[in-house]
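This is what each chain is made of:
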Amino acid sequence: MTCDVAVVVVAYNSADVVGDLLDSLPAALGDLTADVVVVDNGSVDDTVAVLQTRGDCRIVESTNTGYAGGINRGLRAASAAPAYLVLNPDVRLDPGAVRPLLTALDRPGVGIAAPRVRTDAGDLHHSLRREPTVLRALGLSRVGVPALSEYVQEAGAYERPGPVDWALGAVLAVSAACAGAVGDWDESYFLYSEETDFCLRARDAGWATWFAPGSTAVHVGGASGRNDLTHTAQILNRVRLFRRRSGPAAGAAYFGLTVLSELTWVARGHHQSRASVRALLRPSTRPAVLGCGTRLVPL
């Protein structure tokens, strides 16, 4: 069986949100054919029970192998297609959202396409990102200087299509040709930085990530919760990714500036940054799911 697009949703404790995503898919797809696969990463709520009441998706039950692990399992289960669409369960696609993403993938050299994303309050979500650098490890996004900010915050950048370094993985379309060149999503990250890694590896292989503002979606965000573990994983994985791509000297500088940035958040009362600083400086406290043991590098 083949279809126009294989849709892979990775769910974890998503009973309250995944139904709304699936409800949004028919209008988002329009006349496109799709094979919809939902990978449940070991939910302990009613996610599987909710999915079993529906006839518009196939369910793959898995242990919690992380977001990249869920994507890889979903792709192995999905029907052959010229492109696949990765979705968070707390996304709502707008009508007609999928076609512009697939059209973007038809552009020469484009392997990944990302939509324009809004928050559930209707505000623009700064979902586009720049490549990590040592200076951007300072976490000075609020100053609005591109050399210091990984976040693309300029309003005009979200009005016109074009290439970007990477985009958040809540909604990403990937061509089959790009997927074949890049390979599996890296499961060692477990959560966070997997989309950064995939987009940058795609670029290394000659495939650009393209922003397609004609496609739009809402990302409710935070459906699985935000806590010390998720924040620590986000910070550690940024360091791990940069070190993997940049070598020991630049990696050491990035590590030091990340610690400094997190300490400034601790001083402002951000308790989750206490956990991340502890994990950065005390290897034995790092989350076991990241698999980095007592050494952050070599990786």
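The shown structure was predicted, so the numbers you read here are calculated from the model rather than taken from an experiment.

Enquirer: What is the right way to look at the packing of aromatic side chains in this model?
Expert: Think of a pair of aromatic rings as described by two things: how far the centres are apart, and how the planes are tilted against each other in angle. Summed over all chains, the structure comprises three aromatic pairs. Centre to centre, the rings of Tyr158 and Phe211 are 5.8 Å apart; their planes meet at 80°, and the pair counts as edge-to-face. Of the two residues, Tyr158 sits in the loop between strand E7 (128-129) and strand E8 (162-164) while Phe211 sits in strand E11 (residues 208-219), which places them 53 residues apart along the sequence. Each member of the pair, Tyr158 as well as Phe211, carries the same accessibility label: buried.

Enquirer: Even after reading the chapter, I still don't get empty space enclosed by the protein, so can you show me in this structure?
Expert: Where empty space is left becomes clear once a probe the size of a water molecule has been rolled over the atoms. Summed over the entire model, instances satisfying the criterion amount to one cavity of 30 Å³ or more. Looking at the largest cavity, its volume works out to about 60 Å³. Lining the largest cavity are Ala114, Pro115, Val117, His125, Ser127, Ala167, Leu168, Ala170, Val171 and His219. A total of three residues in the lining of the largest cavity trace back to one element, the largest contributor, which is strand E6 (residues 110-119).

Enquirer: Please explain unusual backbone geometry as it appears in this structure.
Expert: Outside of glycine, negative phi angles account for most residues, and trans bonds account for most peptide bonds. Unlike most non-glycine residues, Asn13 shows phi in positive territory, near 50°. Mapping Asn13 onto the fold places it in the loop between strand E1 (5-11) and helix H1 (18-29).

Enquirer: How should the packing of helix H7 (residues 228-246) against helix H8 (residues 248-267) be read in this particular structure?
Expert: Helix-helix packing is described using two parameters, namely the angle between the two axes and the distance between the axes. Running from N to C, H7 and H8 cross one another at 160°; their axes reach a closest spacing of 7 Å. The angle between H7 and H8 places the two elements in the roughly antiparallel class. As for how H7 packs across H8, the hand of that crossing is right-handed. Contacts between H7 and H8 involve His231, Ile235, Arg238, Val239, Phe242, Arg243 and Ser246 from the former and Pro248, Ala250, Gly251, Tyr254, Phe255, Thr258 and Glu262 from the latter. When its residues are assigned to classes, the contact of H7 with H8 shows seven nonpolar, four polar and three charged.

Enquirer: It is not clear to me how the pattern of salt bridges should be interpreted in this structure. Could you clarify?
Expert: Note that side chains of opposite charge can pair when their charged atoms are close. Applying the stated criterion across every chain, the model contains 14 salt bridges. Notably, a salt bridge pairs Arg92 with Asp20, separated by 3.6 Å at the nearest N-O pair. In this pair, Arg92 sits in strand E5 (residues 91-93) while Asp20 sits in helix H1, placing the two residues 72 residues apart along the sequence. Residue class for Asp20 comes out partly exposed when judged on its relative accessible area of 38%. Measuring nitrogen to oxygen at the nearest pair gives 3.1 Å for the salt bridge that ties Glu159 to Arg116. Placement of Glu159 in the loop between E7 and E8 and of Arg116 in strand E6 is noted, with a sequence separation of 43 residues between them. Counted as one network, the salt bridges with shared partners bring together Asp23, Arg54 and Asp56.

Enquirer: Just to check I follow, could you spell out the nonpolar core for this structure?
Expert: Soluble globular proteins: nonpolar side chains tend toward being buried together. Counting residues in each nonpolar core, the largest one holds 34 residues, and the members touching the most others are Leu85, Leu87, Leu93, Val98 and Val171. With six residues, H1 is the single largest residue contributor to this core. Not counting chain neighbours up to four residues away, the residues in contact with Val171 comprise Leu85, Val86, Leu87, Val91, Leu93, Leu101, Ala113, Ala114, Pro115 and Ala217. Residues Val8, Val10, Ala167 and Phe211 belong to the second largest nonpolar core, which totals 30 residues.

Enquirer: Would you explain the environment of Asp35 in this entry?
Expert: Structurally, the position occupied by Asp35 is in strand E2 (residues 34-41). Spatially, the C-alpha atom of Asp35 lies 39 Å from that of Pro146, the residues being 111 residues apart in sequence. Non-local contacts of Asp35, meaning those with residues more than four positions away in its chain, are made with Cys3, Val5, Ala6, Val7, Arg58, Ala77, Ala78 and Ser79. Separated by 2.8 Å, the side chain of Asp35 and the backbone nitrogen of Ser79 make a polar contact.

So, how was this worked out
Residues numbered from 1 in each chain as written. Predicted model: local features only at pLDDT ≥ 70, side-chain atom pairs only at ≥ 80, totals over all residues. Heavy atoms only, no water. Phe/Tyr/Trp six-rings, centres within 6.5 Å; stacked < 30°, edge-to-face > 60°. Helix = DSSP H or I, 4+ residues; strand = E, 2+ residues; numbered from the N terminus. Buried < 20%, exposed > 50% of the residue type's maximum accessible area, 1.4 Å probe, protein only. 1 Å grid on protein atoms, 1.4 Å probe; cavity = no way out; pocket = protein on both sides within 12 Å on 5 of 7 lines; lining within 4 Å. Points joined across faces, edges and corners; volume = space filled by probe spheres on them. Axes fitted to C-alpha atoms, helices over the stretch in contact; angles between N-to-C directions. Parallel < 35°, antiparallel > 145°, perpendicular 65-115°, else oblique. Left-handed = near helix turned anticlockwise from the far one by under 90°. Contact = heavy atoms within 4.5 Å. Nonpolar A, V, L, I, M, F, W, Y, C, P; charged D, E, K, R; others polar. Salt bridge = Lys/Arg side-chain N within 4 Å of Asp/Glu carboxyl O. Core = buried A, V, L, I, M, F, W, Y, C linked by side-chain atoms within 4.5 Å. Polar contact = N/O pair within 3.5 Å; in protein donor to acceptor, adjacent residues only side chain to side chain.

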